[in-house]
Amino acid sequence: MASIALEFLLCVLAFWFGYSANQGGTCLVVAAHEIQKRRPPRMFVGFLAASAAAGLIAIPLVWSGALGATLTPSTSINWLLLVGAIAFGLGALINDTCLLGSLARLGDGELRLIALPLGLAFGIWAADQTRFGYEASWPSLTATPTLLGLATLAGLLLVLMLSIVFVCIKRVARKRPAWPFAASMIGLGVTGGLLYALSPAWTFADLIQRGLPLRMSPSGEVTLVTVISSVAGALTASFRQGNLRLQLPTGYGLIRSIVGGALMGVGIALIPGGNDAMILAAVPTLSPGGIVAYLLMTLTIIIGFAARNALFGRRAPAL
């Protein structure tokens, strides 16, 4: 009975995660583009708010010992992680959106993104064939109520408050009027933090990894349900705002999603994890590898935009 209640809770959280992602128009590519164009970095700061909210909800939950919650292990900084972060950033640039952005835009009816899992599966499989395996990891330094853990919570609270002030001051006209941007990012952080604490492998990238042969991963029936719930949440948010417009895929669009997905899949396997896991699970728990991977993903996309503009100028093609 308890497991059924927990699975129901996970589905509710996943639904609101997808809803928040669509409401906020969340995307690492958008965040990087704002920085590259020297615009106010609202999306990047919004991700800081989401990360802080995730840590503020997940860390105390783990300390309480309730619901079997755990924190994502910290990972080391190594050359595989750096390669994976660069690969993920290039993949997101080619796909024109990251994993979070794909969920949000799939909710808007961008059907080419249905091909993304195919690319992710190939990329993860290809990285597995290298037989490098995962690098060293260790329990998060914030997993127990120490002075460092308390200082981390205080720092996260400060980051959350400053981030909210920034995104509210730098308010711009938005196509998504339903929720304030700050509320969307806090919703994303709270639901994401709880999901990663209660069921670390709950995303569609995890679902693909579990389905690959020779993965030796335990089967998790709840993963399929949480993935469906998150997509349903994104669709619901888009429908309520009147943004749901089915966009039939083109051949070029499908190739972009497959190639970009393959590179992101390589990144997911080598880091391990995508930008959603970095923002909502690794960064708020002070994982050195997670922090570096997230920053390098963002930097790769910024450099990619700058290189494209340098090569093509105003004639730069849309990725």
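Small disclaimer: the values here were computed from a predicted structure and weren't measured.

When the terminal C-alpha atoms of helix H4 (residues 79–95) are compared, their 24 Å separation across 17 residues agrees well with the 24 Å that a helix rising 1.5 Å per residue should span. Regarding H4, the residues found buried are Leu80, Leu81, Gly84, Ala85, Ala87, Phe88, Gly89, Gly91, Ala92, Leu93 and Asn95. At the N-terminal boundary of H4, the capping side chain belongs to Asn78, with an oxygen 3.1 Å from the backbone nitrogen of Leu80. Looking at the residues trailing H4, positive phi occurs at Asp96, about 75°.

What follows concerns the confidence of the model for the protein chain. Chain-level statistics for the protein chain give a pLDDT mean of 89 and a share of 89% at 70 or above. Here helix H9 (residues 204–211) is the element of the protein chain with the lowest mean pLDDT, 81, and helix H3 (residues 42–64) is the one with the highest, 96.

Here the focus is the pattern of salt bridges. In total, this model carries four salt bridges according to the counting rule given. Put simply, Glu110 and Arg105 hold a salt bridge, and the shortest N to O gap is 3.0 Å. Several salt bridges converge on common partners, so that one network encompasses Asp96, Arg105, Glu110, Arg112 and Arg256.

Enumeration over the complete set of coordinates arrives at seven aromatic pairs. Between Phe15 and Tyr19, the aromatic rings sit 6.4 Å apart at their centres with planes inclined by 35°, giving tilted as the arrangement. Of this pair, Phe15 and Tyr19 are both found in helix H1 (residues 2–24), four residues apart, which corresponds to roughly one turn of the helix. Assessed through its relative accessible area of 24%, Phe15 is described here as partly exposed. Here Tyr19 falls in the buried class, since its relative accessible area comes to 3%. Taken together, a centroid distance of 6.1 Å and an interplanar angle of 10° make the contact between Phe44 and Tyr294 stacked. With a gap of 250 residues between them, Phe44 in helix H3 and Tyr294 in helix H13 (residues 288–312) connect regions that are remote in the sequence. Through successive ring pairs, a cluster of aromatic residues spans Phe15, Trp16 and Tyr19.

Take empty space enclosed by the protein next. Taken as a whole and assessed by the stated rule, the structure comprises two cavities of 30 Å³ or more. By volume, the largest cavity amounts to about 90 Å³. What lines the largest cavity is Phe17, Leu99, Leu100, Leu103, Trp202, Thr203, Phe204, Ser230 and Asp276. At three residues, the largest contribution of residues to the lining of the largest cavity is made by helix H5 (residues 99–107). Its residues assigned to classes, the lining of the largest cavity comprises six nonpolar, two polar and one charged. When its volume is computed, the second largest cavity comes out at roughly 70 Å³. When residues of the lining of the second largest cavity are traced back to their parent elements, those giving at least two are H3, helix H8 (181–198) and helix H12 (275–282). Its residues placed into classes, the lining of the second largest cavity shows eight nonpolar, five polar and no charged.

Rules behind the numbers
- Residues numbered from 1 in each chain as written.
- Predicted model: local features only at pLDDT ≥ 70, side-chain atom pairs only at ≥ 80, totals over all residues.
- Heavy atoms only, no water.
- Helix = DSSP H or I, 4+ residues; strand = E, 2+ residues; numbered from the N terminus.
- Expected span 1.5 Å × (residues − 1).
- Buried < 20%, exposed > 50% of the residue type's maximum accessible area, 1.4 Å probe, protein only.
- Polar contact = N/O pair within 3.5 Å; in protein donor to acceptor, adjacent residues only side chain to side chain.
- pLDDT = per-residue confidence, 0-100.
- Salt bridge = Lys/Arg side-chain N within 4 Å of Asp/Glu carboxyl O.
- Phe/Tyr/Trp six-rings, centres within 6.5 Å; stacked < 30°, edge-to-face > 60°.
- 1 Å grid on protein atoms, 1.4 Å probe; cavity = no way out; pocket = protein on both sides within 12 Å on 5 of 7 lines; lining within 4 Å.
- Points joined across faces, edges and corners; volume = space filled by probe spheres on them.
- Nonpolar A, V, L, I, M, F, W, Y, C, P; charged D, E, K, R; others polar.

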